[in-house]
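Structural description and commentary
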Amino acid sequence: MTHHAAKLFPIALQELIEIGEKARKQREKGPRAGHVARPRETRACKHAACKQSFTEREKIQLTFNLK
């Protein structure tokens, strides 16, 4: 049984590599080719907590609550 698997593994591996290369080429040629995702720190955050700003007193209180 292992002899059969040893013969099939290189064939399957080559097919997977070909599928990956084909998908990469399609992405490069697709309508969104050249678009690059913005880094996380520059994206606008949709969470309400991120939009909330704290006063200095509230910040100090929060740090004490975390300890």
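Each remark here, short or long, concerns the structure printed above.
Reading the values: the criteria
- Residues numbered from 1 in each chain as written.
- Predicted model: local features only at pLDDT ≥ 70, side-chain atom pairs only at ≥ 80, totals over all residues.
- Heavy atoms only, no water.
- Helix = DSSP H or I, 4+ residues; strand = E, 2+ residues; numbered from the N terminus.
- Buried < 20%, exposed > 50% of the residue type's maximum accessible area, 1.4 Å probe, protein only.
- Areas by Shrake-Rupley, 256 points an atom, 1.4 Å probe, with all protein chains shown as cover.
- Patch = residues over 30% accessible without salt bridge, like charges linked within 9 Å, V, L, I, M, F, W, Y side chains within 5 Å.
- Salt bridge = Lys/Arg side-chain N within 4 Å of Asp/Glu carboxyl O.

**A closer look at the overall build of the chain**
Scanning the chain from N- to C-terminus turns up three helices and zero strands. For the chain, the N- to C-terminal ordering of α and β elements is α-α-α. With 67 residues in all, the chain has 0% of them scored as buried. Element-wise, carbon and sulfur atoms account for 60% of the exposed surface of the chain, whose accessible area totals about 7,100 Å².

**Focus: a nonpolar patch on the surface**
On the surface, F9, L13 and I17 cluster together to form a nonpolar patch covering roughly 290 Å² of accessible area. Given the relative accessible area of 38%, I17 is considered partly exposed.

**Looking at the pattern of salt bridges**
In total, this model carries two salt bridges according to the counting rule given. For the salt bridge of E28 with R24, the shortest nitrogen-to-oxygen distance reads 3.1 Å. Placement of both E28 and R24 in helix 1 (residues 2–29) is noted, with a separation of four residues, approximately one turn of the helix.

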